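Examining the three-dimensional arrangement
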Amino acid sequence: MINIPKGTKDVLPQDAYKWHYLEDTAREVARLYNIREIRTPVFEHTELFLRGVGDTTDIVNKEMYTFKDKGDRSITLKPEGTAGAARSFIENGMAAGLLPVKMYYIIPAFRYERPQAGRLREFHQFGIEVYGAAGADADAEVISCAALFLDRLGIKGVKLNINSIGCKSCRADYNAALKNYLRPRLGEMCATCRERFEKNPLRILDCKEEGCKAVTRGAPRILDYLCGDCAAHFGKVKELLTESGLEYTVDPDIVRGLDYYTKTVFEFVSDNIGAQGTVCGGGRYDGLIEELGGNPTPAVGFAVGLERLLLLMENSGVPFPADEGPEVFIAGMDERSRAAAFGLVGRLRKSGVSAECDHMGKSVKAQFKYADKIGAKYVIALGSNELECGECNIKCMADGSTRAVKLCDVCECFKS
Ligand code: HAM
């Protein structure tokens, strides 16, 4: 037997309704925010992620599914959705159209990580990206969109943590201060952090090694180094979140695992799904479009991990709407009425009614049992009597009541 690759999961037919619920809710929230969908390829040129996500990140250094295609091009399965959306924004000249451009995506993403609860090698994200709006109101709108998505799903107890990691200019001052603090302590830090020290010291704050965490606990805080513009921007984001009734905590340790962020960064975190508690992450990334060859364009967005969300909903007993069975099951008692059932099911489906009949040669009793198991709301049993008098009984499975209807009126009867 060939098994499923490590870190991937099948969604089985009996569970698909949960995914549909998540995806339908995501699309509904996007509609409420006037956000259109963007679909980009599952793979991109590797260069996009090197430049977009950043060559000092774990994603790029350790986790990408990269391969040469038959034309000797380096191709990577997308590890996240932002870089592809940004590439498409530039390539399709969206900056010349109506701004802001607001788009969402529901995508598979691929990272070669060590699998554990809530951490997979193929996972799915619902993300939104907003291009062209520099103001704090765009940050607050994006955060409120993620919050509404969680709220619509009935998820409670997820904490919103926010931070600002400043712009290029305040980051330079901060990096210098951070490096001054870290330099004499480098010996106590892991090899990866020592490597990051020169190229991207901010990433050191995200290290999960105990030794490194102990060192960074006393490090200078980026919030103390924000320039006037970044500090005012962050102040406004906080004001607008409060105005929207969203509770948040300022967490100066959030730096995020991707290099493109500027100013606001945020995470929605749960303590109900184990070590991988971040269900949503995002922030502003005003430098990415320029980095990828476009004109400077402010941008902000988030992505929610759908597997983590599902895990959270299951762990905390958040209900899913019931998986619907067919509206009606048509049972056939003998050869002729089974053929009639087959025909009637076809006519029902044509008129838009979800209908089912037996394909396994089951007895009438077994057909009724089966109809009950698959959650059919009504059952009609056809036999020679029904075919001769042209009338049948519609049995309601919920209360057992029956109603006589002419065979030629059955479709009309079920059309809502
Ligand atoms: P990220 O924090 O790397 O951000 O991923 C966003 C979410 O995807 C995480 O919070 C988590 O729920 C989920 N996730 C990440 N890796 C895994 C994994 N291996 N298994 C299961 N779930 C995972 C981004 O991807 C950014 N592109 C978000 C963004 C959009 N920022 C601005 N716009």
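So, here is what we can say about the structure in this document. (Residues numbered from 1 in each chain as written. Predicted model: local features only at pLDDT ≥ 70, side-chain atom pairs only at ≥ 80, totals over all residues. Heavy atoms only, no water.)

1. Side note on the site of the ligand
- Around the ligand, the structure places 27 residues, and the nearest of them are Glu80, Thr82, Glu113, Glu129 and Tyr261.
- Here an oxygen atom of the ligand sits 2.8 Å away from a polar atom, N or O, in the side chain of Arg256.
- A distance of 2.9 Å separates a nitrogen atom of the ligand from a polar side-chain atom of Tyr260.
- Across the complex, the protein chains shield 96% of the 650 Å² of accessible surface that the ligand would expose by itself.
- Looking at the shell around the ligand, the elements that each hand over two or more residues are strand S6 (122-131), strand S10 (278-284) and strand S11 (299-305).
- Here the shell around the ligand is built from residues that sort into 11 nonpolar, nine polar and seven charged. (Near = heavy atom within 4 Å. Polar contact = N/O pair within 3.5 Å; in protein donor to acceptor, adjacent residues only side chain to side chain. Areas by Shrake-Rupley, 256 points an atom, 1.4 Å probe, with all protein chains shown as cover. Helix = DSSP H or I, 4+ residues; strand = E, 2+ residues; numbered from the N terminus. Nonpolar A, V, L, I, M, F, W, Y, C, P; charged D, E, K, R; others polar.)

2. Quick look at the state of the cysteines
- Taken as a whole, this structure holds zero disulfides when the rule is applied.
- Not engaged in a disulfide, the cysteine Cys230 finds its nearest cysteine sulfur in Cys167; these two sulfurs lie 3.6 Å apart.
- We note that Cys413 lacks a disulfide partner, and the nearest cysteine sulfur, in Cys392, lies 8.4 Å from it.
- Residue classification places Cys413 among the partly exposed positions, given a relative accessible area of 28%. (Disulfide = S-S within 2.5 Å. Buried < 20%, exposed > 50% of the residue type's maximum accessible area, 1.4 Å probe, protein only.)

3. Side note on the sheet that holds strand S16 (residues 402-406)
- Within the open sheet, the five strands sit side by side as S13-S12-S14-S15-S16. Their pairing is mixed. The two strands at the open ends of the sheet, each matched to only one other strand, are strand S13 (355-357) and S16. Ignoring which end each strand starts from, the neighbouring axes of this sheet average 25° apart.
- In the packing of helix H13 (residues 364-373) onto the sheet, contacts are made with strand S12 (328-332), strand S14 (378-382) and strand S15 (391-396), and the angle to S12 comes to roughly 170°. (Pairing = 2+ DSSP bridges. Axes fitted to C-alpha atoms, helices over the stretch in contact; angles between N-to-C directions. Contact = heavy atoms within 4.5 Å.)

4. Quick look at the sheet that holds S10
- Judged by pairing direction, the sheet is mixed, and its eight strands sit side by side in the order S1-S5-S6-S11-S10-S9-S7-S8 without closing on themselves. Lying at the two open borders of the sheet, with one neighbouring strand each, are strand S1 (36-37) and strand S8 (249-250).
- Alignment of strand S7 (residues 159-164) against S8, held across two bridges, turns out to be parallel. The residue of S8 that forms the bridge with Ile162 is Val250.
- On top of the sheet, helix H9 (residues 228-243) reaches S7, S8, strand S9 (262-269) and S10; it is set at about 160° to S7, its chief contact.

5. Digging into the layout of surface pockets
- Of the volumes computed, that of the second largest pocket is approximately 710 Å³.
- Among the residues forming the lining of the second largest pocket, the class breakdown is nine nonpolar, seven polar and 12 charged. (1 Å grid on protein atoms, 1.4 Å probe; cavity = no way out; pocket = protein on both sides within 12 Å on 5 of 7 lines; lining within 4 Å. Points joined across faces, edges and corners; volume = space filled by probe spheres on them.)

6. Quick word on the pattern of salt bridges
- Using the criterion set out here, one finds 30 salt bridges in the structure.
- Ionic pairing is found between Arg39 and Glu37, a salt bridge with its closest N-O pair at 3.0 Å.
- A relative accessible area of 31% places Glu37 in the partly exposed class.
- In this structure, a network of salt bridges that share partners links the residues Arg27, Glu37 and Arg39. (Salt bridge = Lys/Arg side-chain N within 4 Å of Asp/Glu carboxyl O.)

7. Quick notes on the side chain of Arg308
- Take Arg308: it is sitting in helix H11 (residues 306-315).
- An unpaired buried charge is present at Arg308: no salt bridge exists, and Glu113, the closest side chain of opposite charge, is 5.5 Å distant.
- Aside from chain neighbours lying at most four places away, what touches Arg308 is Gly118, Arg119, Ile273, Gln276, Thr278 and Val279. (Lys, Arg positive; Asp, Glu negative; His and termini not counted.)

8. Remarks on the environment of Ala117
- Here Ala117 lies in the loop between strand S5 (101-110) and S6.
- The exposure class of Ala117 is partly exposed, given its relative accessible area of 49%.
- In this structure the C-alpha to C-alpha distance between Ala117 and Asp224, which are 107 residues apart in sequence, comes to 36 Å.
- In contact with Ala117, not counting residues within four places along its chain, are Gln276 and Leu311.

9. Describing the packing of aromatic side chains
- A full pass over the atoms with the stated rule returns 13 aromatic pairs.
- With centroids separated by 5.8 Å and ring planes inclined at 85°, the aromatic side chains of Phe126 and Phe302 adopt a geometry described as edge-to-face. One end of the pair, Phe126, is in strand S6; the other, Phe302, is in strand S11, with 176 residues separating them in the sequence. When sorted by exposure, Phe126 lands in the same class as Phe302, which is buried.
- Here the aromatic cluster, defined as three or more aromatic residues joined through ring pairs, consists of Phe89, Tyr131, Tyr260, Tyr261 and Tyr285.
- Directly above the aromatic system of Phe320 lies the positively charged group of Lys18, at a separation of 5.2 Å from the ring centroid. (Phe/Tyr/Trp six-rings, centres within 6.5 Å; stacked < 30°, edge-to-face > 60°. Lys NZ or Arg CZ within 6 Å of the ring centre and 35° of its normal.)

10. Things to note about the pairing of strand S4 (residues 74-77)
- One ladder, built from three bridges, connects strand S2 (residues 43-45) with S4; its direction is antiparallel. Within S4, the residue paired with Glu44 across the bridge is Thr76.
- Relative to S4, strand S3 (residues 66-68) runs antiparallel, the two being bridged by three bridges. The residue bridging Thr66 from the neighbouring strand is Thr76, located in S4.
- Between S3 and S4, which follow one another and run antiparallel, lie five residues, and Asp72 among them has a positive phi close to 65°.

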